[in-house]
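Here is how the chains run, residue by residue.
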Amino acid sequence: MNAPRRHRTICVPEPSLMRVQRWIAQNVLNAEKPHPRSYAFAPHRSLVQAAERHAGCRWLIKMDLQDFFESIDERQVYLVFRSLGYSSLLSFEMARLCTRLPGAYIAEPQNFEAPSTWYRSRGAGHLPQGAPSSPMLANLVVRALDRRLENVGLKSGWVYSRYADDLAFSTKDHTGRGAAIALVKRVEREVRDFGLRENPAKTTVTPPGNRKVLLGLLVDRDQPRLTKKYRNNIETHIFALRHPKLGAKAHCAARGFRSVTGLKRHVAGLIAFAHAADKPYAARLYEDFNKIDWSR
C-alpha cells in the first residue's frame, strides 16, 4: 500500500506583513553572505553553479533535509539578528515578524500594527514557507551546519553543496559503496546534532556507470547538461503550440492548464531553466517560442 502523499504548507503573509518581511530580506539579510557551498536564495549564485561543483563525478550522494523551513525555530532566527549586531529587543521584534506559530494563520491586518495575540504569545514560532524573509534566514541559520558538512566531506575526499534543502556530495576518486554509506551516516549524525532531520526516502547513492542527475541536470560529464526527458518535454510543447492543427487553446486543454496565459508562463519558465544550462539550445527555443500564435 502506498504511503499518503505529503503536502507542503505555503504561507502567504498579509500584504502589510509581506512588505515588512521583504524590507528585512532586502535591507538586512541580503547584505550577509551564506556559506560558499550554499547556492540557493543568494545573489550571484545559481542552481547550475551547484551542479557544476559535481560535474564529472564518479560517485554522487543526494540527501534531503526534511521540513527545512519549519524545522528552523524562532530562537535560531533571533540569534541570526543578534549576530548581525542588533539589540536583543530589536532582534526579538524582527524574529517574531519573520516566524509563525505552528498551525497558526497570519494575523488579520488590523492586528498587525497593534500588539496581537500572536505577538504576546509565549510560544516559539518557526520559519514559514512562503514568507520572503524565510529563504535567506534559513541560509544564515544553517551556515554552521554547512561548515560542518563541508568538513565531513573534505576529510573523506568528497565535495559538498547545498541548494535549499538538497544536499549533495560527490567524488571523482575510486572508492566503494561502503565508504559512501559511511559518509551518509556521518552526515545524518551532523544534521541531527544540529537539530534538523534528513528524509531517508530521498537519500540516494549513485555509483560509477549509472546516470547521475542533480537538481534536474546531468552531471556525469565536465559540464552539467539538460536531460533528454527535459528537452523532449519543451520540444513537445513547442511542437504542439506551433502545429497548425493544434495550437495554444487545444494544447492548453489537453495538458490541463487553466488558461493559455498559465501555459505560456510555464513554457517560458522551462526555457529560462534551459537557458541557464545551455544558452545556444535555449536561443533556438526562444526563436520558436516567439513565433507561437497564442490567440488560437
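A brief report on the enclosed structure follows. These numbers were taken from a predicted model, which means no experiment stands behind them.

**A closer look at the nonpolar core**
So, point 1. The biggest cluster of nonpolar side chains holds 38 residues, and the ones touching the most others in it are Ile61, Phe81, Leu167, Phe169 and Val187.
So, point 2. Mapped onto this core, the elements with two or more residues apiece are helix 1 (15–29), strand 1 (59–64), helix 3 (74–83), helix 4 (88–97), helix 7 (134–141), helix 8 (143–156), strand 3 (166–171) and helix 9 (177–194).
So, point 3. The element contributing the most residues to this core is helix 9, with six residues.
So, point 4. Counting residues in each nonpolar core, the second largest holds 30 residues, with Tyr39, Cys57, Ile234 and Phe289 among its members.

**Observations regarding helix 12 (residues 260–277)**
So, point 1. Taking 1.5 Å of rise per residue, the 18 residues of helix 12 would be expected to cover 26 Å, and the 26 Å separating its terminal C-alpha atoms lies within 8% of that figure.
So, point 2. When helix 12 is considered as a whole, its buried residues turn out to be Leu263, Val267, Leu270, Ile271 and Ala274. Buried residues in helix 12, looked at end-on, bunch into an arc of 95°, giving them a common side.
So, point 3. Residues of helix 12 that are buried in the fold lie against strand 7 (225–226), helix 10 (228–242), helix 11 (247–255) and helix 13 (279–289).

**Some thoughts on the sheet that holds strand 3**
So, point 1. On the basis of which strands lie adjacent, the open sheet formed by four strands has the order 2-3-1-4 and antiparallel pairing. In this open sheet, the two edge strands, each paired with only one partner strand, are strand 2 (159–163) and strand 4 (204–206). On average, each strand axis in the sheet is tilted by 15° relative to the strand beside it, whichever way the strands run.
So, point 2. Strand direction decides the pairing type here: strand 2 and strand 3, joined by five bridges, are antiparallel. The residue bridging Val159 from the neighbouring strand is Ser170, located in strand 3.

**Digging into the environment of Val213**
So, point 1. Locating Val213 in the fold gives a position in strand 5 (residues 213–214).
So, point 2. Sequence separation of Val213 and Lys62 is 151 residues, and the distance between their C-alpha atoms is 9.6 Å.
So, point 3. For Val213, the residues in contact, after removing those within four places along its chain, are Leu60, Lys62, Leu218 and Thr227.

**Let's talk about the pattern of salt bridges**
Opposite charge on two side chains lets them pair, provided their charged atoms get close.
So, point 1. Inspection of the entire model under this criterion finds eleven salt bridges.
So, point 2. Close ionic contact of Lys185 with Glu188 constitutes a salt bridge, the shortest N to O distance being 3.9 Å. With Lys185 and Glu188 both in helix 9, this residue pair falls three residues apart, about one helical turn.
So, point 3. In this structure, Lys291 engages Glu287 in a salt bridge whose closest nitrogen and oxygen atoms are separated by 3.8 Å.
So, point 4. Connected through salt bridges with shared partners, the residues Arg148, Glu190 and Asp193 form a single ionic network.

**Examining the sheet that holds strand 6 (residues 217–218)**
Neighbouring strands of a sheet are bound in pairs by backbone hydrogen bonds; such pairs are parallel or else antiparallel.
So, point 1. With respect to topology, three strands assemble into an open sheet ordered 5-6-7, the strand pairing being antiparallel. In this open sheet, the two strands that pair with only one neighbour each are strand 5 and strand 7.
So, point 2. Of the pairings in the sheet, the one linking strand 6 to strand 7 comprises two bridges and is antiparallel in character. Each residue of the ladder has a partner; that of Leu218, found in strand 7, is Arg225.

**So, the packing of helix 3 against helix 7**
Packed helices, taken two at a time, are described by the angle their axes make and the gap between the axes.
So, point 1. At a minimum axis separation of 10 Å, helix 3 and helix 7 run at an interaxial angle of 80°. What the angle tells us is that helix 3 and helix 7 run roughly perpendicular. Residues Gln76, Val77, Val80 and Phe81 of helix 3 form the contact with helix 7, whose own contacting residues are Leu137, Leu140 and Val141.
So, point 2. A per-class count over the contact of helix 3 with helix 7 returns six nonpolar, one polar and no charged.

Calculation notes
Residues numbered from 1 in each chain as written. Predicted model: local features only at pLDDT ≥ 70, side-chain atom pairs only at ≥ 80, totals over all residues. Heavy atoms only, no water. Core = buried A, V, L, I, M, F, W, Y, C linked by side-chain atoms within 4.5 Å. Buried < 20%, exposed > 50% of the residue type's maximum accessible area, 1.4 Å probe, protein only. Helix = DSSP H or I, 4+ residues; strand = E, 2+ residues; numbered from the N terminus. Expected span 1.5 Å × (residues − 1). Arc of directions from axis to C-beta. Contact = heavy atoms within 4.5 Å. Pairing = 2+ DSSP bridges. Axes fitted to C-alpha atoms, helices over the stretch in contact; angles between N-to-C directions. Salt bridge = Lys/Arg side-chain N within 4 Å of Asp/Glu carboxyl O. Parallel < 35°, antiparallel > 145°, perpendicular 65-115°, else oblique. Nonpolar A, V, L, I, M, F, W, Y, C, P; charged D, E, K, R; others polar.

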